[in-house]
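# Summary of structural features
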Amino acid sequence: MEQKDLIRKALESRSMAYAPYSKFKVGAALETEDGTVYSGCNIENAAYSPGNCAERTAFFKAVSEGHRRFCRIAIVGGYEEGMQVSSYATPCGVCRQVMMEFCNAGTFEIIVAKSMEEYKVYKLEELLPQGFGPENL
Ligand code: THU
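Nothing here was measured: the structure is a model prediction, and the numbers come from that model. (Residues numbered from 1 in each chain as written. Predicted model: local features only at pLDDT ≥ 70, side-chain atom pairs only at ≥ 80, totals over all residues. Heavy atoms only, no water.)

## Here we look at the overall build of the chain
So the rule is basically this: Secondary structure follows DSSP: runs of H or I at least 4 residues long count as helices, runs of E at least 2 residues long count as strands, and numbering of each begins at the N terminus. Between the two quantities, the radius of gyration covers C-alpha atoms and the globule rule is 2.2 Å times the number of residues to the power 0.38.
Of regular secondary structure, the chain possesses 4 helices and 7 strands. Starting at the N terminus and ending at the C terminus, the chain contains elements arranged as α-β-β-α-β-β-β-α-β-β-α. The C-alpha atoms of the chain give a radius of gyration of 14 Å, which matches the 14 Å a tight globule of 137 residues would have. Reported as C-alpha extents along the three principal axes, the dimensions of the chain are approximately 45 × 35 × 30 Å.

Next up, the structure:
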């Protein structure tokens, strides 16, 4: 799938975000190696710690449906700023570690977008250098 189409899916998923506490809404769209796309949003909780990030929602949906090989993820997250989001939401450390479990750090692409026109692309190894993963065990 084209990068822009994956960003569109992340934007759509962001509209499902349940973030009444932080108001920081995040959407993600994760592409498997066979081209299937799983989306996810952040889901907060009144007790705070049970909340889940958009990226992990997408990963856990995909893995629970039998997928373990992924090529890229698009992420759109931030506060509302007119029709725009306020920031480039790079994934948190816990989400990077979940990516490390299922992705090749040298090839897996992380597309961090504010809109379909404004985005940056990283490799997992840039965001999690010297990461610890299944290969280390
Ligand atoms: N969040 C994500 O879903 N993904 C990120 O990459 C950064 C943070 C969520 C967690 C929480 O619901 C809100 O954004 C503020 O931290």
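Having put the structure on the table, let's press on.
## Section: the pairing of strand S3 (residues 70-78)
Definition in use: Exposure is judged per residue with a 1.4 Å probe applied to protein chains only, and the accessible area is read against the type maximum: over 50% gives exposed, under 20% gives buried, and values in between give partly exposed. Two strands qualify as a pair provided DSSP detects at least 2 bridges between them.
Most of S3 sits out of view: 8 of its 9 residues are buried. Sheet topology note: the strand S1 (residues 25-32)/S3 ladder contains 8 bridges and is antiparallel. The partner of Leu30 across the bridge, within S3, is Ile73. Of the pairings in the sheet, the one linking S3 to strand S6 (residues 109-113) comprises 5 bridges and is parallel in character. Residue Ala74 lies in a different strand from S6, and its bridge partner there is Ile111.

## Here we look at the site of the ligand
Basically, it comes down to this: Any residue with at least one heavy atom within 4 Å of a molecule or strand is counted as near it. Polar contact is defined as a pair of N or O atoms within 3.5 Å, subject to the rule that within protein one atom must be able to donate a hydrogen and the other to accept it, and that residues adjacent in sequence are counted only when both atoms are side-chain atoms. Computed by Shrake-Rupley with a 1.4 Å probe, the accessible areas treat only the displayed protein chains as cover when residues are assessed. The classification used treats Ala, Val, Leu, Ile, Met, Phe, Trp, Tyr, Cys and Pro as nonpolar, Asp, Glu, Lys and Arg as charged, and all other residues, Gly among them, as polar.
Lining the immediate environment of the ligand, one finds Ser22, Phe24, Val26, Asn42, Glu44, Cys53, Ala54, Glu55, Thr90, Pro91 and Cys92. Between an oxygen atom of the ligand and a side-chain N or O atom of Glu44, the distance comes to 2.5 Å. Note that an oxygen atom of the ligand is positioned 2.9 Å from one of the backbone N or O atoms of Ala54. About the coverage of the ligand: the protein hides 75% of its 370 Å² of free accessible area. Tallied by class, residues from the shell around the ligand come to 6 nonpolar, 3 polar and 2 charged.

## With respect to the pairing of strand S7 (residues 119-123)
As judged from the 5 bridges shared by S6 and S7, these two strands associate in the antiparallel manner. By the bridge assignment for S7, Ile111 is matched with Val121. Between the antiparallel neighbours S6 and S7 lie 5 residues.

## Details of the packing of helix H2 (residues 54-64) against helix H3 (residues 93-102)
The packing of two helices is summarised by the inter-axis angle and the distance between the axes. Heads up, the rule is: Comment: axis = line fitted to C-alpha atoms, over the contacting stretch for helices; angle = value between 0 and 180 degrees taken between N-to-C directions. To sort the angles, those under 35 degrees are grouped as roughly parallel, those over 145 as roughly antiparallel, those from 65 to 115 as roughly perpendicular, and the leftovers as oblique. Crossing handedness: left-handed means the near helix sits turned counterclockwise from the far one by under a right angle, and right-handed means the same turn made clockwise. Whether two residues are in contact is decided by their heavy atoms: any pair within 4.5 Å suffices.
Running from N to C, H2 and H3 point in directions that differ by 25 degrees, and their axes come no closer than 9 Å. It follows from the interaxial angle that H2 and H3 lie roughly parallel. The hand of the H2/H3 crossing is left-handed. Contact residues: Glu55, Arg56, Phe59, Phe60 and Val63 in H2; Val94, Cys95, Val98, Met99 and Phe102 in H3. Classifying every residue of the contact of H2 with H3 gives 8 nonpolar, no polar and 2 charged.

## A short note on the environment of Gly131
Relative to the elements of secondary structure, Gly131 occurs in the segment after helix H4 (124-127). With 30 residues separating them along the chain, Gly131 and Glu101 place their C-alpha atoms 9.8 Å apart. Those residues in contact with Gly131, other than ones at most four positions away along the chain, are Met100 and Asn136.

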